[in-house]
Amino acid sequence: MSAPESAPETRVRREHRTPPRKPRPAPTARGFSPLRIVGMAFVWLFTALNVVILYWLVTAAFKTPIEIFNKPFHLPYTWFERGDPFRNLRYAWENAGFGNAFLVTVALVAVSSVVIVAVAAPAAYALTRLGVRGSNPMTNFFAIGMGIPFQTLVIPLFIGMADLGLTNNLFGMFLVYVALSLPFTVFLLTGFFKSLPDELEEAAAIDGASPFRTFFTVMLPLARGGLITALILNAIGLWNETLLAIVFLTDNANFTLARALFTLYGAASYQSEYGGLIAGVAIVVLPMLVMYILLARRIITGLTLGAGK
Amino acid sequence: MATVTFDGTTRYYAGNPTPAVDTLDLEVADGEFLVLVGPSGCGKSTTLRMLAGLEGIDGGAIRIGERDVTNLPPKERDIAMVFQNYALYPHMTVADNIGFHLKIAKMPKEERVKRVREAAALLDLEQYLERKPAKLSGGQRQRVAMGRAIVRRPQVFCMDEPLSNLDAKLRVQTRTQIASLQRRLGVTTIYVTHDQTEAMTMGDRVAVLRDGILQQCDTPIGLFSRPANVFVAGFIGSPGMNLIPAAVSGESATVGGMSIPLTPAQRAALTSDRVVVGIRPEGWSIGSSGVSAVVEVVEELGSDQYLYCSADIPHVEVAESAEEREAPHAFTVRAPGMSGWHRGDKLALTPQAGAVHFFDAATGDRLPD
Ligand SMILES: Nc1ncnc2c1ncn2[C@@H]1O[C@H](COP(=O)(O)OP(=O)(O)O)[C@@H](O)[C@H]1O
Ligand SMILES: [Mg+2]
């Protein structure tokens, strides 16, 4: 409470001020602790390194091999001077069969990711929410699945799939992708469903909704952030997946982008077409990078949501 | 509309050998507003959740009207519930939240819209119908939760501390709004709160629970004027009743050198020679003789003044936990507002006629008047 006679003075003080450009942080957050300095240095170094690599990748995709080796950090010029700047990209696209591989990859990744989430979401819901008997050991069982490196499973998987006649077959590839991605996805989504309040389900039960309806009209929309995160993470992972594609796919017509890039690697290094090879890498990597940048915020909030709150 | 009957209803939780609600016998009349009150953890929510069908019933039965609902799922009980945190569906608009039950019940769209509008009008929510709950204030959310209940026109309303997330002023306003809305609709209501003021101001009758056991169920006046035992005496009323253990010799109890007579019936009902004398803060007269006490804290409310005094006599604490206890003072005395008492003043106190309650010290039960 200020005394009445001081009011005009206060008003003058209020009028002659400018808001700060950035509000002051709390005293605890201010100042530089050694940990903070080291951490900042590390983060900036890491970021700089990645930016340099990205710069190198993108510029090299427009360079001749000589430029790549002699002037790695210069901007490209030879192909630009010859009036054919996209020559490397064209080379990669034509020689690697990226056109077909692109369609195959988009279809395979899209269908697999959607099916993974469609299977994992009800599973995670049942494990966390329906009070299913033995749901805790079952959740742990899924978590164990996450700990087994899939590389150790490649050979048995291949033999099994070969017996079923599902090698060199996109449907077979789809099955393998879905199966191997489920543990992580189920685990991710259990975290999500756990974080949703019990009261909503109870409210839905009192409103007369069946468990089925509660799942679809109440819980699923609320877990939307988690579902989208799971979808994006799976899409990125599968888009970049190479080992299984190399093992399981042998026919050009079935090649995914990563698999086609592997073939291009052989051909281009034989022909010393390093510019073309790097252009191929850029074609495969950049769509995911763009998607990741666009959706980064969403993914991060999604990943941390299960933890907090 | 219907009555609600708890018939020896009992609830255990896994891993706990003592029941959370123990053989509860309670009849709620048609259209009655019954408040369940008691300290935190006494089993109020459990009782309500059993009625709603969200919690199993381990013993006894619950009836709504003539129907035994003990084993029915929530949706077949025709009850509506208002949750403590409202439990609004965050991804639905206010209108969809209110109309969710009607939609599930497959009510035709026009009628549904009409019913939602009526409920919204009743609760002053019309301009918010298209908003999501996140964009509403606490009070508005609370009203949406109410709307979701009243739009159903159920047989019973269940409300679990619906005001506890509101600030003090809004809580007082909403308290009267809910009470008058309930009287207008005439729907049997069971309302849970830990706040005895809320209980006393809202309920037709108030049921006091402690450790899962019903202590007393009576009108607010009945509870206040004739508490059935020491616990109810200490729990109801704010500041709480002064409870003073005293020895009985002959026909009277001795408190701080002053003797207070017992009636023959009281003397006969007593199981030992010790009683607890209960006197409310407003039951004392400040005079020139009687129990002497020293003022330690003066709480000035304008209309009243509460004097927290120390005195050389023992006293009984009813609240178990330290934070529920007001302060370790022997006495609370009400004086007229702005009376000019100060810390350190010496008082001589005598109980007013008819203001003394006697309880059996051994059992805690009230002695007959
Ligand atoms: N889901 C549960 N599992 C185990 N114990 C519970 C559960 N819910 C409540 N309890 C216990 O039952 C008792 C009564 O709880 P509750 O009815 O929620 O109390 P109130 O609503 O009166 O505060 C408490 O001791 C509480 O710890
Ligand atoms: Mg409770």
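Reading the values: rules and limits
Residues numbered from 1 in each chain as written. Chains lettered and ligands numbered in written order. Predicted model: local features only at pLDDT ≥ 70, side-chain atom pairs only at ≥ 80, totals over all residues. Heavy atoms only, no water. Core = buried A, V, L, I, M, F, W, Y, C linked by side-chain atoms within 4.5 Å. Buried < 20%, exposed > 50% of the residue type's maximum accessible area, 1.4 Å probe, protein only. Helix = DSSP H or I, 4+ residues; strand = E, 2+ residues; numbered from the N terminus. Contact = heavy atoms within 4.5 Å. Phe/Tyr/Trp six-rings, centres within 6.5 Å; stacked < 30°, edge-to-face > 60°. Lys NZ or Arg CZ within 6 Å of the ring centre and 35° of its normal. UniProt positions renumbered as here; feature names shortened; annotations may be inferred. Pairing = 2+ DSSP bridges. Axes fitted to C-alpha atoms, helices over the stretch in contact; angles between N-to-C directions.

1. Here's the deal with the nonpolar core
Next up, step 1: Phe98(A), Phe193(A), Leu264(A), Leu51(B) and Ile190(B) are the most contacted members of the largest nonpolar core, which has 101 residues in total.
Next up, step 2: The element that contributes the greatest number of residues to this core is helix α6 (residues 98–129) of chain A, accounting for eleven residues.
Next up, step 3: Other than its neighbours up to four places away in sequence, Leu51(B) contacts Val4(B), Phe6(B), Ile62(B), Ile64(B), Arg77(B), Val156(B), Cys158(B) and Ile190(B).

2. Structural notes on the packing of aromatic side chains
Next up, step 1: What the rule picks out here adds up to 18 aromatic pairs over all chains.
Next up, step 2: Ring centres of Phe231(B) and Phe235(B) lie 5.6 Å apart, and the angle between their planes is 15°; this geometry places the pair in the stacked category. Separated by four residues within a single helix, Phe231(B) and Phe235(B) lie in helix α8 (residues 230–235), roughly one turn from each other.
Next up, step 3: Accessibility expressed as a relative area gives 6% for Phe231(B), which makes it buried.
Next up, step 4: Among the aromatic side chains, those forming a connected cluster through ring pairs are Tyr125(A), Phe193(A), Phe212(A), Phe215(A) and Phe216(A).
Next up, step 5: Against the face of Trp79(A) rests Arg82(A), its NZ or CZ located 5.0 Å from the ring centre.
Next up, step 6: Here Arg148(B) stacks its cationic end above the ring of Tyr89(B), 4.9 Å away from the centre of that ring.

3. Comments concerning the UniProt feature "domain: ABC transporter" (unreviewed entry) in chain B
Next up, step 1: UniProt's entry tags residues 4–236 of chain B with the feature "domain: ABC transporter" (unreviewed entry), counted in the numbering of this structure.
Next up, step 2: Between the C-alpha atoms that bound residues 4–236 of chain B there is a distance of 24 Å. The span itself is 36% helix and 24% strand.

4. Some thoughts on the sheet that holds strand β20 (residues 356–360) of chain B
Residue and element names in this part refer to chain B.
Next up, step 1: Read from one edge to the other, the open sheet built from five strands follows the order β13-β12-β11-β14-β20, with strand pairing classed as antiparallel. Of all the strands in the sheet, the pair left with one neighbour each is β13 (258–261) and β20. Going across the sheet, the axis of each strand differs from the next one's by a mean of 40°, ignoring polarity.
Next up, step 2: The pairing of strand β14 (residues 274–279) with β20 spans five bridges and is classified as antiparallel. Considered in β20, the bridge of Gly278 is made with His357.

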